[in-house]
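# Close look at the chain arrangement
Spelled out, the chains give:
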Amino acid sequence: LGAWMMIDNKRRDHQQGVKLNVRDIPTERLKDGPAAPEFSFITLSNGYDRNHGPIPHILPSSHTLTLDGLVATPAHHTITSLQQLPQHTVICALQCAGNRRHTMRTSIKEVQGLDWFDGAVMNCIFRGPRLSALLRAVGVLEELDEERQRAHVAFACRSQPCQEDAWYGASIPLARALDEGADVILALEMNDAALPAKHGGPVRVVVPGVAGARSVKWVDRISVLMVESANFYQQHDYKVLPPEVEDADSAAAWWHRTPALQEMPINSVVGVPPNGSTVKRDTEGMVTVKGYALPSGSNGPVVKVEVSADEGESWVEAEILEVPEEVKGRGRLLWAWSLWTARVKVEKGERRRILSRATDRAGVVQPKVCEWNLRGVAYNGYGEASDLTIR
Ligand code: MTE
Ligand code: MO
């Protein structure tokens, strides 16, 4: 599972962006991962991490998880009791909703938020009990009547004071939580080892296909509610605000009217050649292009990736790489990313671009442009390597 390409994972705390209200949090704790992780099919050790507060270091033996809210019999779990339940494996690409925010900023206009390039994503093997099994055990009705269609399952981490709230929390619709096909788990392991502290160890939620913000790390309370989580990051962040909302003041009136972002859209990114690089064509005038593609939250996997070296006039189909032998058979692949490669003919010149676009199982094609939103979330315009010098 060696490194296959590098993805630019730069980000900076953009000056005009949302002011990082760091308060008492040591700045080194707010770092969001290495500058340029190596991308292999399974992201092994250098995946991004995103923390809205300090990383708590929790002894597994002292951690408890409460299940409460609209359930028949509230319950407590320990890490040991979670380990004793049937374990389910999920291979999924976990991504921050702000992945590719830099491209939205630079190709459309200024946005607020950490200046993520293309590396706020990792594709890992997660393992742990199914959320649906835990919820059934405490007596959540499987038959959802009309009222219950609006119910949410809220995840909280009360041991982490955050920049914008006293704790971290998020919620997903109860229907998704109860749907076995949605593969929501409480991960105790990542890549066949105990979940590392920075990724939420000893236990985190993993909601495949949904914005990473809902996969609450160090989760210590799960509540069935008739409303969404009241947490700041559910209510006032991670939403696709309408394009007319252009600053924080006008956003104030819009947060409660805008749905929380859940499923992420079909996406793809060009990783090789990197932006701004000089590329020498081979003897046939061809250039090798590599990248990743991300499935949408409901119609994975990615079934096709195409590449264009003439601004979208013509497209060549990329080859989607086979999944490594050691990963095959470990789980369904509908939540995983696809790594792809293509050879395209490119004209010599400067400031050239190479574009990519992915198609999902339902035939949805990644759009050329993605509508701008103030927080720069869920950007999925064509993948691009820009400012290339082709020799
Ligand atoms: N859970 C807690 N408790 N605190 C957090 O700050 N960040 C969320 C989510 N879960 C967060 C959290 C966000 S915004 C993302 S994108 C993912 O975790 C990142 O997961 P990772 O750090 O394992 O990559
Ligand atoms: Mo995030």
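Predicted, not measured: the structure shown is a model, and the values here were computed from it.

### A word on the overall build of the chain
Of the regular secondary structure elements, the chain holds 6 helices and 22 strands. Across the 391 residues that make up the chain, the buried fraction comes to 47%. The long-range fraction of contacts in the chain, counting pairs at least 24 apart against all pairs at least 6 apart in sequence, stands at 74%.

### Concerning the site of ligand 1
Looking at ligand 1, there are 20 residues lining it, with Asp49, His52, Cys96, Cys157 and Gly212 nearest. The class makeup of the residues in the shell around ligand 1 is 8 nonpolar, 9 polar and 3 charged.

### Some remarks on the sheet that holds strand S7 (residues 152-157)
In spatial order, the strands read S4-S3-S13-S7-S8; together these 5 strands make up an open sheet with mixed pairing. Either end of the sheet is taken by a strand with one partner, and the two such strands are strand S4 (75-78) and strand S8 (168-173). Along the sheet, successive strands turn relative to each other by an average axial angle of 20°, direction set aside. Here strand S3 (residues 64-69) pairs with S4 via 4 bridges, running antiparallel.

### Regarding the sheet that holds strand S6 (residues 121-128)
Across the sheet, which stays open at both edges, the 4 strands sit in the order S5-S6-S10-S11 with antiparallel pairing between neighbours. Here the strands that pair on one side only, and so sit at the sheet edges, are strand S5 (88-95) and strand S11 (193-194). Here strand S10 (residues 189-190) runs beside S11; their pairing, made up of 2 bridges, is antiparallel. In the strand pairing of S11, Glu189 is matched with Ala194.

### Re the environment of Asp68
Here Asp68 is to be found in strand S3. With 16 C-beta atoms counted inside 10 Å, the residue Asp68 sits in the partly exposed group. In sequence terms Asp68 and Val153 are 85 residues apart; their C-alpha atoms lie 9.9 Å from each other. The contacts of Asp68, once residues within four sequence positions are left out, are Pro74 and Ser223.

### A short note on the pairing of strand S21 (residues 349-360)
With 6 bridges joining them, strand S17 (residues 302-308) and S21 adopt antiparallel strand pairing. Paired with Ser308 across the strands is Leu355, a residue of S21. Where S21 meets strand S22 (residues 383-390), 5 bridges bridge the pair, whose relative direction is antiparallel. Residue pairing across strands places Gly349 opposite Ile390, the latter belonging to S22.

### Digging into the confidence of the model for the chain
Overall, the predicted model of the chain reaches an average pLDDT of 89, with 89% of residues at or above 70. Low pLDDT, under 50, characterises residues 12-38; the predicted model gives this stretch 50 contacts beyond four residues in sequence or across chains. Scoring of the predicted complex yields 0.91 for pTM and 1.00 for ipTM.

### Here we look at the nonpolar core
In terms of nonpolar packing, the biggest core is built from 103 residues, with Val206, Val219 and Ile354 touching the most fellow members. In contact with Val206, not counting residues within four places along its chain, are Val90, Cys92, Leu94, Phe126, Val184, Ile185, Ala187 and Ser215.

### Some words on the pairing of S7
Burial runs high along S7: 6 of the 6 residues are buried. With burial as the criterion, each face of S7 is covered, one bearing His152, Ala154 and Ala156 and the other bearing Val153, Phe155 and Cys157. Here 6 bridges tie S7 to S8, and the two strands are oriented antiparallel to one another. Counted as the bridge partner of Ala154 is Ser171 from S8. Both S7 and strand S13 (residues 221-225) contribute to a ladder of 5 bridges, which runs antiparallel. Looking at S13, one finds that Ala156 is bridged to Arg221.

### Observations concerning unusual backbone geometry
For the peptide bond that leads from Gly201 to Pro202, omega is 15°, which places it in the cis range. Position of Pro202 among the secondary structure elements: in the loop between S11 and strand S12 (204-206). The omega torsion of the bond from Gly300 to Pro301 falls at -5°, within 30 degrees of zero and hence cis. Along the chain, Pro301 turns up in the loop between strand S16 (286-294) and S17. Positive phi is not limited to glycine here, since Asp183 has a value of about 60°.

### Thoughts on the environment of Ala93
One can find Ala93 in strand S5. Judged by the 24 C-beta atoms lying within 10 Å of it, Ala93 falls in the buried class. For the pair formed by Ala93 and Ser61, sequence separation is 32 residues and the distance between their alpha carbons is 29 Å. In this structure, Ala93 is in contact with Val121, Asn123, Leu294, Trp335, Ala336 and Trp337, ignoring residues within four places of it in sequence.

### Comments concerning the environment of Ile222
Mapped onto the secondary structure, Ile222 falls in strand S13. Each C-alpha atom, one on Ile222 and one on Val153, is 6.7 Å from the other, the two residues being 69 residues apart in sequence.

Conventions adopted
Within every chain, residues take consecutive numbers counted from 1 along the sequence as written. The order in which chains are written sets their letters, starting at A; the order in which ligands are written sets their numbers, starting at 1. It should be noted that, the model being predicted, local features are given only for residues of pLDDT at least 70 and side-chain atom pairs only at 80 or more, the latter also being counted only at that level, while totals for whole chains, interfaces and linings use all residues. Note on conventions: DSSP H or I runs of at least 4 residues are helices, E runs of at least 2 residues are strands, and numbering of each starts at the N terminus. Each residue is classed by its C-beta neighbour count within 10 Å, where at least 20 other C-beta atoms makes it buried, 12 or fewer makes it exposed, and intermediate counts make it partly exposed; the C-beta atoms are placed from backbone geometry. Residue pairs qualify as contacts under a 7 Å threshold applied to their C-beta atoms, which are placed from the backbone. To decide whether a residue is near a molecule or strand, its C-beta atom is placed from the backbone and checked for lying within 6 Å of it. Amino acids are sorted into nonpolar (Ala, Val, Leu, Ile, Met, Phe, Trp, Tyr, Cys and Pro), charged (Asp, Glu, Lys and Arg) and polar (every other residue, Gly among them). Two strands are said to pair when DSSP picks up at least two bridges between them. A fitted line through C-alpha atoms serves as each axis, taken over the contacting stretch for helices, and the angle formed by two N-to-C directions is quoted from 0 to 180°. One number per residue, pLDDT, summarises how confident the predictor is, and it ranges from 0 to 100. Any nonpolar core is a set of buried residues, restricted to Ala, Val, Leu, Ile, Met, Phe, Trp, Tyr and Cys, that join up through C-beta atoms within 7 Å.

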